[in-house]
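So you can see what is in the structure, the chains are spelled out below.
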Amino acid sequence: MKLFFTILQVLCGLCIILVVLFQSGKSAGLSGAIGGVADSFLAKNKAKTIDAKLARATKWIGALFLVLTLILLIIG
């Protein structure tokens, strides 16, 4: 049983690495907010972009990784 959760945790770790690497950098930062970029059409539809989906996937995979880590600590 421990081996099963360990394999799942390794696969989850690899997935989170890939998802983070596929995300683009957030180089606009504060200068983008000062310049008024937040009022653009693309900023209003930001939830539908690939970056938003990757960010959401990062959160879910990270949560799964945390749960698997806690399970392995309890089993351990």
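Predicted, not measured: the structure shown is a model, and the values here were computed from it.

Chemist: Can you explain helix H4 (residues 50–75)? Please cite residues and give values.
Modeler: The end-to-end C-alpha distance of H4, which contains 26 residues, comes to 37 Å, matching closely the 38 Å that a straight helix rising 1.5 Å per residue would cover. When we look at burial in H4, the residues that qualify are Ala52, Leu54, Thr58, Ile61, Leu68 and Leu72. As for H4, its buried residues are in contact with helix H1 (2–22).

Chemist: Describe the UniProt feature "transmembrane region" (unreviewed entry) in the protein, naming the residues involved and giving the relevant values.
Modeler: UniProt records the feature "transmembrane region" (unreviewed entry) for residues 57–75 in the present numbering. With 100% helix and 0% strand, residues 57–75 has end C-alpha atoms that lie 27 Å from one another.

Each value, and the rule that gives it
Residues numbered from 1 in each chain as written. Predicted model: local features only at pLDDT ≥ 70, side-chain atom pairs only at ≥ 80, totals over all residues. Heavy atoms only, no water. Helix = DSSP H or I, 4+ residues; strand = E, 2+ residues; numbered from the N terminus. Expected span 1.5 Å × (residues − 1). Buried < 20%, exposed > 50% of the residue type's maximum accessible area, 1.4 Å probe, protein only. Contact = heavy atoms within 4.5 Å. UniProt positions renumbered as here; feature names shortened; annotations may be inferred.

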